[in-house]
Amino acid sequence: MTVTRTHDETAIRGVLEGVYRAWDAGDAEAFVADYREDATAILPGSYRRSKEDVRADMAAGFASYLKGSTTVDRLESIRFLGGNAAVVVSETGVRFPGETEVPAERVVYATWVLEKRDGAWLLVAYHNSPAVLPS
């Protein structure tokens, strides 16, 4: 028997949509609003060890090289691990001012790990990897 978790899926989608809206607004505080204090983020060449590290790096990025950028995101899957954990896979890319599409070399696959705590879903870990390997 398949158990539907529509409420949890909707809540998780809301967390990710909040992250994407915060990126588009260049708002580092809102970007980490649903991160646990000990959340980690791993990107090529970067390991952020806490919510504060992520916030500080995003604030610096939004003030410089990410200023005016937006994200293009597509959720691939949500997989529940017991009652209080989920793994989400998405495809995402950064679109800079003046671009109408994200170039293939900037598209990444991302893995998000979330934990349900006190009825709310929080981001625990994030990792991304290029969707297309350089030739």
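Cut-offs applied
Residue positions are given per chain, counted from 1 along the sequence in the order it is written. Two thresholds apply to this predicted model, a pLDDT of at least 70 for residue-level local features and 80 or more for giving and counting side-chain atom pairs, whereas whole-chain, interface and lining totals are computed over all residues. Water and hydrogen atoms play no part in the side-chain values, which are based on all heavy atoms of the structure. Numbering of helices and strands runs from the N terminus, with a helix taken as a DSSP run of H or I at least four residues long and a strand as a DSSP run of E at least two residues long. For a compact globule the rule gives 2.2 Å times the number of residues to the power 0.38, and the radius of gyration it is set against comes from C-alpha atoms. Residue burial is assigned from relative accessible area. The probe radius is 1.4 Å, only protein chains are included, and a residue is buried under 20% of its type maximum, exposed over 50%, and partly exposed in between. Under the rule applied, a polar contact is a pair of N or O atoms within 3.5 Å (in protein, one hydrogen donor and one hydrogen acceptor; residues adjacent in sequence only if both atoms are side-chain atoms). In this analysis, two residues are considered to be in contact whenever any of their non-hydrogen atoms come within 4.5 Å of each other. The pairing criterion for strands is at least two bridges between them, as found by DSSP. Here the axes come from fitting lines to C-alpha atoms, over the contacting stretch only for helices, and the angles between their N-to-C directions go from 0 to 180 degrees. The term salt bridge refers to a side-chain nitrogen of Lys or Arg lying within 4 Å of a carboxyl oxygen of Asp or Glu.

1. Overview of the overall build of the protein
And step 1. From N to C terminus, the protein includes three helices and six strands.
And step 2. When the helices and strands of the protein are read in sequence order from the N terminus, they spell out α-α-β-β-α-β-β-β-β.
And step 3. On C-alpha atoms alone, the protein measures out to a radius of gyration of 15 Å, which is about the 14 Å that the 2.2 N^0.38 rule sets for 135 residues.
And step 4. Seen through its C-alpha atoms, the protein measures out along the principal axes to roughly 45 × 30 × 25 Å.

2. Overview of the side chain of T71
And step 1. Within the secondary structure, T71 is located in strand β3 (residues 70-80).
And step 2. A relative accessible area of 12% places T71 in the buried class.
And step 3. A distance of 2.8 Å separates polar atoms of two side chains, one belonging to T71 and the other to D73.
And step 4. Residues contacting T71, with those up to four places away along its chain left out, are Y20, W23, D24, T92 and G93.

3. A look at the pairing of strand β6 (residues 120-130)
And step 1. Note: strand β1 (residues 35-43) against β6, four bridges, orientation parallel. Residue pairing for β6: Y35 is matched across the bridge by L123.
And step 2. In the sheet, strand β5 (residues 107-117) pairs with β6 via 10 bridges, with the strands oriented antiparallel. Across the sheet, residue E115 finds its bridge partner in β6, namely L122.
And step 3. Linking β5 back to β6 in an antiparallel pair, the connection comprises two residues, with D118 at a positive phi of about 55°.

4. Quick notes on the sheet that holds strand β4 (residues 85-95)
And step 1. Ordered in space as β2-β1-β6-β5-β4-β3, the six strands form an open sheet in which the pairing is mixed. The sheet is open, and its two borders are formed by β2 (46-48) and β3, each paired with just one other strand. Averaged over all adjacent pairs, the angle separating strand axes in this sheet is 20°, with direction ignored.
And step 2. The sheet strands contacting helix α1 (residues 6-25) are β1, β3, β4, β5 and β6, and the helix crosses β3 at an angle near 160°.

5. Focus on the pattern of salt bridges
Side-chain pairs of opposite charge can arise where the charged atoms are in close proximity.
And step 1. Applying the stated criterion across every chain, the model contains 12 salt bridges.
And step 2. For D38, the salt bridge goes to R36, with nearest N and O atoms at 2.8 Å.
And step 3. Its relative accessible area of 15% is what places R36 among the buried residues.
And step 4. In this structure, E76 and R74 form a salt bridge, with 2.6 Å as the shortest nitrogen-oxygen distance.

6. With respect to the pairing of β1
Remark: a regular strand shows side chains that alternate across the two faces of the sheet.
And step 1. In this sheet, β2 lies alongside β1 in antiparallel orientation, the contact comprising three bridges. Bridge pairing in β2 links I42 to Y47.
And step 2. The loop that links β1 with its antiparallel partner β2 comprises two residues; one of these, G45, has a positive phi angle of about 80°.

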